[in-house]
Amino acid sequence: MRKELMLLKRQLSSVISVGGKDVKENASTPMDNVLEKSMDRKQRTLVEFEDGKKSGLEIIVDNREFNSSVVKNLAREGVTVKPRQLEVGDYILSERLVVERKETSDFISSLKDKRIFNQLKALSGCSPKALIIIEGEDLFFLSRMSKDAILGVLSSIVVDFDIPIITTKDAHETSTLLLAMLKREHREGGSPASVRGG
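Since this is a predicted model, take the numbers as computed values, not measurements.

1. Quick word on the sheet that holds strand β7 (residues 129–135)
As summarised here, the arrangement of the 6 strands in space is β4-β3-β5-β6-β7-β8, forming an open sheet in which the pairing is mixed. Among the strands making up the open sheet, the edge pair consists of β4 (80–84) and β8 (165–168). Pairwise comparison of adjacent strand axes, ignoring direction, gives a mean angle of 25° for this sheet. Pairing between strand β3 (residues 58–62) and strand β5 (residues 91–94): 2 bridges, direction antiparallel. Residue pairing across strands places V61 opposite Y91, the latter belonging to β5. Relative to the sheet, helix α8 (residues 171–187) contacts β3, β5, β6 (97–103), β7 and β8, its axis offset from that of β7 by approximately 160°.

2. As for the pairing of β8
Here β7 runs beside β8; their pairing, made up of 4 bridges, is parallel. By the bridge assignment for β8, E135 is matched with T168.

3. Here we look at the packing of aromatic side chains
Counting across every chain of the model gives 0 aromatic pairs. Positioned over the ring face of F140 is K147, at 5.4 Å from the centre of the ring.

4. Quick look at the layout of surface pockets
If you add up the space inside the largest pocket, you get close to 280 Å³. Around the largest pocket, the lining is made up of 17 residues, and of these R64, D90, E100, K102 and Q119 lie nearest the centre. Where the lining of the largest pocket is concerned, the elements lending two or more residues are β6 and α6 (115–126). Top contributing element to the lining of the largest pocket by residue count: α6, with 5 residues. Each residue belonging to the lining of the largest pocket can be placed in one class, and the counts come to 5 nonpolar, 2 polar and 10 charged.

Thresholds, definitions, all that
- Residues numbered from 1 in each chain as written.
- Predicted model: local features only at pLDDT ≥ 70, side-chain atom pairs only at ≥ 80, totals over all residues.
- Heavy atoms only, no water.
- Pairing = 2+ DSSP bridges.
- Helix = DSSP H or I, 4+ residues; strand = E, 2+ residues; numbered from the N terminus.
- Axes fitted to C-alpha atoms, helices over the stretch in contact; angles between N-to-C directions.
- Contact = heavy atoms within 4.5 Å.
- Phe/Tyr/Trp six-rings, centres within 6.5 Å; stacked < 30°, edge-to-face > 60°.
- Lys NZ or Arg CZ within 6 Å of the ring centre and 35° of its normal.
- 1 Å grid on protein atoms, 1.4 Å probe; cavity = no way out; pocket = protein on both sides within 12 Å on 5 of 7 lines; lining within 4 Å.
- Points joined across faces, edges and corners; volume = space filled by probe spheres on them.
- Nonpolar A, V, L, I, M, F, W, Y, C, P; charged D, E, K, R; others polar.

The structure is reproduced here in structure tokens:
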């Protein structure tokens, strides 16, 4: 049986019938070309597919946000993401707009230890326009802090610090919002600012 298989292999390698024509050994066939191209072609990763879809939009992102679902969603939309060490904010959309993203748990934690107020001072002075995105739908159910107290802080952010607040339900909605703002800034001719102090 082994001898028969070896003989068959030699016969097939010496003469192959393609479309009724004999092709001699070492001759190139259409299938050879396809296989060769297939073997030479590098399999693309998800990142490479994302890199292939460029929108012309750029965003500077704090290193701590770089592995978030928000950033991955932006990359899928063709946004060029540039990670940096930011002292203030999480996303720089243009020379005039900086965004701080806080999940509800982080927002409540920052209220308890009062670091939110230092962050607000820095945020309000770092750019002509600043925005806070609060992500999640459980803001009033995460702690024993009263709803009135939380609403009081939210009011102070908007009125005293002149920083708008937008709430989103999840990372996907946050990335959709950022993309919409990024497109608007792009239309206005804005470009990502140089990173201050980082």
